[in-house]
Amino acid sequence: MADDKGGSLLGSPFLKGFLAGYVVAKLRSSAILGVVLGTMTGIYAAQTYQVPNIEQTVKDYINTLKKGPK
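Worth saying up front: this structure is predicted, and the values here are computed from it rather than measured.

About the thresholds
- Residues numbered from 1 in each chain as written.
- Predicted model: local features only at pLDDT ≥ 70, side-chain atom pairs only at ≥ 80, totals over all residues.
- Heavy atoms only, no water.
- Helix = DSSP H or I, 4+ residues; strand = E, 2+ residues; numbered from the N terminus.
- Buried < 20%, exposed > 50% of the residue type's maximum accessible area, 1.4 Å probe, protein only.
- Contact = heavy atoms within 4.5 Å.
- Areas by Shrake-Rupley, 256 points an atom, 1.4 Å probe, with all protein chains shown as cover.
- Salt bridge = Lys/Arg side-chain N within 4 Å of Asp/Glu carboxyl O.
- Expected span 1.5 Å × (residues − 1).
- Phe/Tyr/Trp six-rings, centres within 6.5 Å; stacked < 30°, edge-to-face > 60°.
- Patch = residues over 30% accessible without salt bridge, like charges linked within 9 Å, V, L, I, M, F, W, Y side chains within 5 Å.

Peer 1: So what exactly am I meant to see when it comes to the overall build of the protein here?
Peer 2: Each helix and strand in the protein was counted, giving 3 helices and 0 strands. The N-to-C order of helical and strand elements in the protein reads α-α-α. Residue burial in the protein is summarised as follows: out of 70 residues, 14% are buried. Considering only contacts within the protein whose residues lie at least 6 apart along the sequence, 50% involve residues at least 24 apart. Total accessible area computed for the protein in this model is approximately 5800 Å², and 66% of it derives from carbon and sulfur atoms.

Set out below in structure tokens:
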């Protein structure tokens with residue numbers, strides 16, 4: 001996994017895990033268990049797999065939309 005020290009908030013494994021936990025919490029009745037489970041799953045996935053940088057992907061997509069069709 002490439003270790004870029006850009007320091008982006010959206011690139012943080014903790015934030016990705018927290019967001020995953022929030023989604024799980026919304027889908028389940030136990031919010032605390034969902035947040036904990038999602039956070040742990042997100043941290044594991046970020047450390048084990050090459051998780052894409054969501055912020056850069058969204059910026060690239062928006063720039064592509066601004067340019068329009070060729």
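Peer 1: Which parts of the structure should I look at to understand the pattern of salt bridges?
Peer 2: Think of it this way: side chains of opposite charge can pair up when their charged atoms draw near. Counted according to the given criterion, the structure contains 1 salt bridge. Among the salt bridges present, the one from K59 reaches E55, with a minimum N-O distance of 3.5 Å. Here K59 pairs with E55, and both are found in helix α3 (residues 54-67), just 4 residues apart, close to one helical turn. Judged by relative accessible area, which is 23%, E55 ranks as partly exposed.

Peer 1: Looking at this structure, how should I read α3?
Peer 2: Look at α3: 20 Å from first C-alpha to last across 14 residues, which is about the 20 Å you get at 1.5 Å a residue. Immediately downstream of α3, the backbone of G68 shows phi near 80°, a positive value.

Peer 1: Where do I start with the packing of aromatic side chains in this structure?
Peer 2: The description of an aromatic ring pair uses the distance of the two centres, along with the angle that the planes make with each other. The tally for this structure, following the rule as stated, stands at 1 aromatic pair. Relative to Y49, the ring of Y44 has its centre 6.4 Å away and its plane inclined at 85°; by these criteria the two rings are edge-to-face.

Peer 1: Explain a nonpolar patch on the surface here, please?
Peer 2: On the surface, a nonpolar cluster with roughly 500 Å² of combined accessible area is contributed by F14, F18, L19, Y22 and V23. Inspection of the secondary structure assignment puts Y22 in helix α1 (residues 13-27).

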